[in-house]
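If you want the building blocks of each chain, they are given just below.
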Amino acid sequence: MKQENLLELLVKAGKDPSRLIFEDELTGIYNRRFLLNYLEYKVPWDTLDDYPLSVVMIDLDYFKQINDQHGHDVGDQALIYVSNLMKEAVGEEGMAIRYAGDEFLLLLPRTQKGIAKQVGERLIQSIRSKPMVVQNKNTSLRMTLSLGVATAPDDAQTRKDLIQKADTALYHAKKSGRDGMADAAELEPQKIFAKAALQKLEGATIAGRGVQLLQVAEALKKFGQGHSQFLLVRGTPGLGKTTFLDTVRRNIGQNEMCVVHVNGVRQEMFRPYYLTTQILIGILNKKEDKGAEILATLSPEEIRSLAKVMPGLALEEQIEGVEEGRQREEDDRTQREALFAT
């Protein structure tokens, strides 16, 4: 269809063609394109102190279950219903935006964090108290939302960081049980490491290594779920292992994690756990007190276990009271479990 014919059709249908650029077709609220353009051209990022900007990221909890149990038509009704509640909650204070799929966002110009959280709470209470009436099915559907809130300049100084902080807070709200709101400023760094690192890694590119970067991303997701692991990068000399690891380090090693560089030494391979020892020393040396505070929290039994790979810890006063345990015969498995638990 020619462009002029399309525009004529839209006008006859009562639709403003210009709104298609920035309006979500299903819900009628603003779309992601509008958000990105607004953040780029309408926000004076160099004068944020005089122009506080808050965003509330929103996710419809268990949306996939709604689609699976009730069908996609009901899923669409749910998205429209949430959009209408968002417009009610935000009133004249901001704009409701469909960010992607079942993720939404409230854009709140000139709004401090406290007011943004009040808007978020209104939305949470509203959807809790107003079940959606499913059309043509004579039934209602109760839904909940998870929210993450962030404010510039308090939490971020750029548009990318602002969205990332709100998204990370949303991730925390979902991991904490859903049906609630998390504030980006109140999250402990160790609790949001995996999400923040994954967001950075998604923007990384290295020729021919997309699959490997995806494997690292998957490992980070598992790490965020409490699963510790080792990733081994293997290959013959010259395949770019160092470049690959440097790419990962640059993208996820800024402030969120401790990076140590340890080289294996063939002459030391006869010593059990020798490389683990070097890694431990490297990590402790990153601390200003060289790890003294960490070591002080270990029990005598733990010190004794660690001394097997760090002989310098085997001082009499540090392992006092475990003489009986020292004499006890332990099998290899018990020793290994004690060592790695420590």
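For the structure, check the block above.
Conventions used here
Residues numbered from 1 in each chain as written. Predicted model: local features only at pLDDT ≥ 70, side-chain atom pairs only at ≥ 80, totals over all residues. Heavy atoms only, no water. Helix = DSSP H or I, 4+ residues; strand = E, 2+ residues; numbered from the N terminus. Buried < 20%, exposed > 50% of the residue type's maximum accessible area, 1.4 Å probe, protein only. Contact = heavy atoms within 4.5 Å. Areas by Shrake-Rupley, 256 points an atom, 1.4 Å probe, with all protein chains shown as cover. Expected span 1.5 Å × (residues − 1). Salt bridge = Lys/Arg side-chain N within 4 Å of Asp/Glu carboxyl O. Axes fitted to C-alpha atoms, helices over the stretch in contact; angles between N-to-C directions. Parallel < 35°, antiparallel > 145°, perpendicular 65-115°, else oblique. Left-handed = near helix turned anticlockwise from the far one by under 90°. Nonpolar A, V, L, I, M, F, W, Y, C, P; charged D, E, K, R; others polar. Pairing = 2+ DSSP bridges.

**Quick look at the overall build of the chain**
Within the chain, the regular secondary structure consists of 14 helices and seven strands. The proportion of buried residues among the 342 residues of the chain is 38%. Expressed as a percentage of contacts within the chain between residues at least 6 apart in sequence, the contacts between residues at least 24 apart total 61%. Here the chain has roughly 21,300 Å² of accessible surface; of this, 50% comes from carbon and sulfur atoms.

**Here we look at helix α6 (residues 159-175)**
Quick reminder: α-helices carry 3.6 residues per turn. Residues three or four places apart thus point the same way. The end-to-end C-alpha distance of α6 is 24 Å, a good match for the 24 Å that 17 residues give at a rise of 1.5 Å each. For α6, the full list of buried residues reads L162, I163, Q164, A166, D167, T168, A169, L170, H172 and A173. Looking one or two residues past α6, G177 carries a phi angle of roughly 120°, positive in sign.

**Focus on the pattern of salt bridges**
Pairing between side chains of opposite charge can happen when their charged atoms approach one another. Scanning the model with the defined rule gives twelve salt bridges in all. Taking the shortest distance from any N to any O, the salt bridge between D68 and K64 comes out at 2.8 Å. With D68 and K64 both in helix α3 (residues 63-70) and four residues apart, this pair spans about one turn of that helix. K64 matches D68 in its accessibility class, with the two residues each being exposed. For the salt bridge of D183 with K113, the shortest nitrogen-to-oxygen distance reads 2.7 Å.

**As for the packing of helix α4 (residues 72-90) against helix α5 (residues 113-129)**
Following both chains from N to C, one finds α4 and α5 inclined at 135°, their axes separated by 9 Å at the closest point. In terms of orientation, α4 lies oblique with respect to α5. Viewed along their axes, α4 and α5 form a crossing whose handedness is right-handed. Residues V82, L85, M86, A89 and V90 of α4 form the contact with α5, whose own contacting residues are V119, R122, L123, S126 and I127. Among the residues forming the contact of α4 with α5, the class breakdown is eight nonpolar, one polar and one charged.

**Quick notes on the sheet that holds strand β1 (residues 53-60)**
The five strands are arranged β2-β3-β1-β6-β7 in an open sheet whose pairing can be described as mixed. Looking at the sheet topology across the chains shown, the edges are occupied by β2 (95-100) and β7 (180-183). Across the sheet, the axes of successive neighbouring strands diverge by a mean angle of 25°, strand direction being ignored. As paired elements, β1 and strand β6 (residues 145-152) share eight bridges and run antiparallel to each other. The partner of D59 across the bridge, within β6, is S146.

**Overview of the pairing of β7**
One ladder, built from four bridges, connects β6 with β7; its direction is parallel. Each residue of the ladder has a partner; that of S146, found in β7, is G180.

**Thoughts on the packing of α3 against α4**
Contact pair α3 / α4: the axes reach a minimum separation of 7 Å and the direction vectors enclose 140°. Compared by their axis directions, α3 and α4 come out oblique. Judged by residue contacts, F63, I66, N67 and H70 of α3 engage H72, V74, G75 and L79 from α4. Within the contact of α3 with α4, the residues separate by chemical class into four nonpolar, four polar and no charged.

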